[in-house]
Amino acid sequence: MNLIAKAKYLDEKGRPFRDWLLTHSYLYGQIGAFFSPILNRLFKNAVVKWIAESILRIDRRRELPVYQSETFRQWFRSHPSKGQRKIAYFYGCYINTNEVEVGKATVQVLEANGFEVFLPPQECCGIPMLGNGDFNGAKKMALKNVPSLLQTIRSGYDIIFSSTSCGHMIKHEYSRLLNIPGSEEVAEHLLDLFEFLRNLRENGNLNTHFKELPLKVAYFAPCHLRSLGIGLPALEILRLIPGLQIDNIEADCCGLGGTFGFKKEKYEISQEIGKDLKEAIDRLNPEIVLTDCEGCRMQIRHLTGLKVLHPIQILRDALLQGIDKEVER
Amino acid sequence: MHYDLIIIGMGLSGLMAAKTAVEAGKKALIIGKGMGCLTLFSNTIDVFGKITETTRLRDDLSRWIYDHPEHPYGKVGVEKIEEALCSFNTFFRPPYTFQSRNETNSLIPTGIGTFRPTYLIPSTMMRGIALKEKKTLVIGFKGYKDFYSQRLADSFECRGTTLSLPESPSTEITATALARWMEQPSFREFIGTEVKKQIRDEELIGFPAVLGVNDPMGVRKDLEKKTGVSVFEIPVLPPSIPGMRIFNRFKERLIQRGVTFLMGYSVSKATLKDKRCEGIEILHPPVTTSYSADHYVLATGRFMGGGLKADREKISDPVFNLPVSQPGSQEKWFEKSFFDEHPIHRTGILTDSSLHPIDEKGELILENVRVAGTILSGHHFLEEKSREGIEIATGYWAAKQALN
């Protein structure tokens, strides 16, 4: 309801350039990746951040997301995926240009379970636009995604996602809020990555040849995972890894709220909301924090300075010895 | 997904059933529409407040049960009730625990100015028992409308004072907001200083039960250090912060042990065949997910929790559509005076001695479903002061029997 009111207000009043910039990363992500050596340095530059804050009102205390020079799509093109069964992967913009490692780990774990991964044609899911009250923008993205995803499932393949925000958007908001034709059919065959692995385990098909991983980690369930109504499948799967000490972080919201926490006027409240989470992490004192959402990962890095990964990266490490160790941040 | 046990309802009885299942090494799923009524009403653990004798509650209850075999307690039996209470207690380690005083009911002061008999009392409230003997100062907060210290002071024949809070964002303050502030050292610093100014010769300070959600004993200790006087909590009107503490502790421990929690969802359909529940569905638009289990526990509570629904003619259970014993048509549900005993309080699901649902003729309806908590018929927890006891005992016993 809040979003609908916001959309109406902005339709009448017009949208600030900042909203455009925060919600259209799918357009400039590729360019960002290409110019990443220059951009990443600029993003850390105090002057640039000061300009971003004064002109765009993007808070300078925030670390801007760093681009990677090789996108996930580029990596995947030169990666021959093999397996007995096929599974489609909706990776999302952030994995493509900013956290390629998560995409690689997802592909590697699925392959280790006998699946050939393929990437159906896809665009940004549209959640940043929806969050900023741009229903038409979000609809445009949905109308591009749904036909491609429909074709995938009608060819007999399930689709998994590793970003709970993209996943929740496509699975629940496409139909309920945006009324996209065909989205209900897509939702039936769209699964969270760990939900999918949990199903494999239920049928006795999960590869559990894990090596010991003597690490103390803490897991945080993002809001969009909780609203998927599937429990905490990542926690269930990671508990199978020998040696891994894993605690569930008892806290509500990380406070970033997608693009919300980047806005200058929202920085303080975003930090205030995240305080409970930070305190809960401090109490557990883990070596690494794990969470399925890229927004939460950015915010937890910002709040704690700890290493924060997607749970699939730990699963990959437990499953595959020494291959492609994830990049130190 | 298939489970050993699916529990429908996230109140105290559902949580106890989940605890019992996971401790028996079983795979359990608990589904709840919300946080459960635990966070509304429960402050202490009532077992049978109606008995106010000073002998051991166990003995009195044992005698009472003998004459009331149809009461949920009659079906569980005193021994299992005690076992269940012990099991509940294992989730609470010192310093915040639930204890009885001399295994009898004790009278503790409440936020509406009465003394109420109850059995297991959280550590933060224990000292309230001494209110009658010791000089006490009751503290209220301006804007916190569910707790009038002056009015309480009149009832308890002690002194009361109301503190004004700095930088309070609105004129109305909730228990939840107060509990969060209490966890901040700077807020306690302020409260400590203000209270100290008010103390004359009192030996006890009574606060509403808002001394933080996570570490109430830590908050209390700090306030005692700052004021130099013993502090206790007084249970208040809903919502209940002590109830939230119980809920949070169960949720944390149960997830840690591998129980799957689905909070915010309700069962949209149950498939029943040949006296068995074969599965349930949860509709989360546009997706419907199916779950199945060997056994089910229905612990959805009464009208407030959504376990019982009433229309003009009939009271029903929306999950399994089990028959609900009811006192005739609507005109027979209520008495004229608010304080009279209303027959509607006695409605509920009929069960056999092992908590299986049965119909009026005593025929078994579903052999792999058991019913627990206040949705059961044959009790009047308001009058008996037995809410938490019934929830703990039947939740425990339902799961125990299902998994044997």
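Residues numbered from 1 in each chain as written. Chains lettered and ligands numbered in written order. Predicted model: local features only at pLDDT ≥ 70, side-chain atom pairs only at ≥ 80, totals over all residues.

(A) Fine view of the overall build of chain A. Secondary structure assignment for chain A yields 18 helices and 8 strands. Computed over C-alpha atoms, the radius of gyration of chain A comes to 19 Å, within 12% of the 20 Å expected from 2.2 N^0.38 for 329 residues, which places it in the range of a compact globule. Dimensions along the principal axes, computed over C-alpha positions, put chain A at roughly 55 × 45 × 35 Å. The buried share among the 329 residues of chain A stands at 46%. Expressed as a percentage of contacts within chain A between residues at least 6 apart in sequence, the contacts between residues at least 24 apart total 77%. (Helix = DSSP H or I, 4+ residues; strand = E, 2+ residues; numbered from the N terminus. Rg over C-alpha atoms; globule rule 2.2 N^0.38 Å. Buried ≥ 20, exposed ≤ 12 C-beta atoms within 10 Å, placed from the backbone. Contact = placed C-beta atoms within 7 Å.)

(B) Quick look at the overall build of chain B. In terms of regular secondary structure, chain B is built from 12 helices and 19 strands. Taken against the 2.2 N^0.38 rule, which gives 22 Å for 404 residues, the C-alpha radius of gyration of chain B at 22 Å falls within 12% of a compact globule. Summarising its shape, the C-alpha atoms of chain B cover approximately 70 × 45 × 40 Å along the three principal directions. A burial count over chain B gives 44% of its 404 residues as buried. When contacts within chain B are restricted to residue pairs at least 6 apart in sequence, those whose partners lie at least 24 apart make up 67%.

(C) Spatial organisation of the sheet that holds strand E3 (residues 159–161) of chain A. All names here are of chain A. Strand order in this open sheet of 4 strands is E2-E1-E3-E4, and the pairing throughout is parallel. The sheet is open, and its two borders are formed by strand E2 (115–118) and strand E4 (190–192), each paired with just one other strand. Averaged over all pairs of adjacent strands, the angle between strand axes in this sheet comes to 40 degrees, irrespective of strand direction. Of the strands in this sheet, E3 and E4 are in contact with helix H13 (residues 193–202), which crosses E4 at around 90 degrees. (Pairing = 2+ DSSP bridges. Axes fitted to C-alpha atoms, helices over the stretch in contact; angles between N-to-C directions.)

(D) Spatial organisation of helix H17 (residues 294–304) of chain A. All names here are of chain A. The buried count for H17 comes to 9 of 11 residues, which makes it a mostly enclosed element. Against helix H7 (93–97), helix H11 (164–176), strand E5 (216–220), helix H16 (267–284), strand E7 (288–291) and strand E8 (307–309) lie the buried residues of H17. After H17 finishes, the residue Gly305 shows a positive phi value of roughly 75 degrees.

(E) Summary view of the interface of chain A and chain B. Contact with chain A, which involves 12 residues of that partner, is made by 13 residues of chain B. Counting only elements with at least two residues in the side of chain A that touches chain B, the list comes to H11 and helix H12 (183–188) of chain A. Broken down by class, the residue content of the side of chain A that touches chain B amounts to 2 nonpolar, 4 polar and 6 charged. (Nonpolar A, V, L, I, M, F, W, Y, C, P; charged D, E, K, R; others polar.)

(F) Summary view of helix H12 (residues 387–403) of chain B. Counted at 1.5 Å a residue, the expected span for H12 of chain B with its 17 residues is 24 Å, and the 24 Å between its end C-alpha atoms agrees. Most of H12 of chain B sits out of view: 15 of its 17 residues are buried. (Expected span 1.5 Å × (residues − 1).)

(G) Examining the pairing of strand E2 (residues 28–32) of chain B more closely. Residue and element names in this part refer to chain B. By the criterion of burial, E2 is predominantly enclosed, with 5 of the 5 residues buried. Judged by which residues are buried, E2 turns out to be covered on both faces: Ala28, Ile30 and Gly32 on one side and Leu29 and Ile31 on the other are all buried. In the sheet, strand E1 (residues 2–8) pairs with E2 via 4 bridges, with the strands oriented parallel. Bridge pairing in E2 links Ile7 to Ile30. Taken together, E1, helix H1 (residues 12–23) and E2 form a β-α-β motif whose crossover is right-handed. (Right-handed = clockwise from strand over helix to strand, strands pointing away.)

(H) Structural context of the environment of Cys158 of chain B. Residue and element names in this part refer to chain B. Note on placement: Cys158 falls in the loop between helix H6 (149–156) and strand E8 (159–163). Exposure remark for Cys158: the 20 C-beta atoms within 10 Å place this residue in the buried category. For the pair Cys158 and Asn404, spaced 246 residues apart in the sequence, the C-alpha separation amounts to 53 Å. Here Cys158 is in contact with Leu131, Lys135, Thr136, Leu137, Val138 and Ala153, once residues within four sequence places are set aside.

(I) Expanded view of the domain arrangement of chain B. All names here are of chain B. For chain B, the assigned domains read domain 1 (2–95 + 244–403) and domain 2 (126–234). For domain 1 versus domain 2, the separation of C-alpha centres amounts to 34 Å. Each side of the interface is counted separately: domain 1 has 5 residues, and domain 2 has 4 residues. (Domains from an automatic or database assignment.)

(J) Highlighting the confidence of the model for chain B. This prediction gives chain B a mean pLDDT of 94; 100% of its residues lie at or above 70. Taken over the whole predicted complex, pTM reads 0.94, whereas the ipTM for its chain interfaces reads 0.90. (pLDDT = per-residue confidence, 0-100.)

(K) Structural context of unusual backbone geometry. Pro239 of chain B follows Pro238 of chain B through a cis peptide bond whose omega is -5 degrees. Its location among the elements puts Pro239 of chain B in the loop between strand E10 (230–234) and helix H10 (241–256). Each neighbour pair has its own omega, and for Pro285 of chain B with Pro286 of chain B the value is 0 degrees, a cis peptide bond. Looking at the element boundaries, Pro286 of chain B is found in the loop between strand E13 (276–284) and strand E14 (287–298). Its identity as a non-glycine residue notwithstanding, Asn285 of chain A has a phi of 55 degrees, on the positive side. Positionally, Asn285 of chain A belongs in the loop between H16 and E7. Asn285 of chain A sits in the exposed class, given 10 other C-beta atoms within 10 Å.

(L) Region of the structure containing the sheet that holds E10 of chain B. All names here are of chain B. Reading across the sheet, the 4 strands line up as E8-E7-E9-E10 and stay open at both edges, with parallel pairing between neighbours. Single-partner strands in this sheet number two, and they are E8 and E10. Strand-to-strand twist of the sheet, defined as the mean angle between neighbouring strand axes without regard to direction, takes the value 30 degrees. Bridge count between strand E7 (residues 136–141) and strand E9 (residues 204–208): 3 bridges; the pairing is parallel.

(M) Structural view of the environment of Thr104 of chain B. You can see Thr104 of chain B is positioned in the loop between strand E3 (98–99) and strand E4 (106–109). In sequence terms Thr104 of chain B and Asp60 of chain B are 44 residues apart; their C-alpha atoms lie 9.7 Å from each other.

(N) Main features of the packing of H1 of chain B against H12 of chain B. All names here are of chain B. Following both chains from N to C, one finds H1 and H12 inclined at 35 degrees, their axes separated by 7 Å at the closest point. H12 is crossed by H1, and the crossing has right-handed handedness. Each of Leu12, Ser13, Gly14, Met16, Ala17, Thr20 and Ala21 in H1 lies in contact with H12, whose residues at this interface are Glu388, Glu391, Ile392, Thr394, Gly395, Tyr396, Ala398, Ala399, Lys400 and Leu403. The residue inventory of the contact of H1 with H12, partitioned by class, reads 9 nonpolar, 5 polar and 3 charged. (Left-handed = near helix turned anticlockwise from the far one by under 90°.)

(O) Focus on the environment of Pro65 of chain A. On the secondary structure map, Pro65 of chain A appears in the loop between helix H5 (46–56) and helix H6 (72–77). Since 17 C-beta atoms lie within 10 Å of it, Pro65 of chain A is described here as partly exposed.

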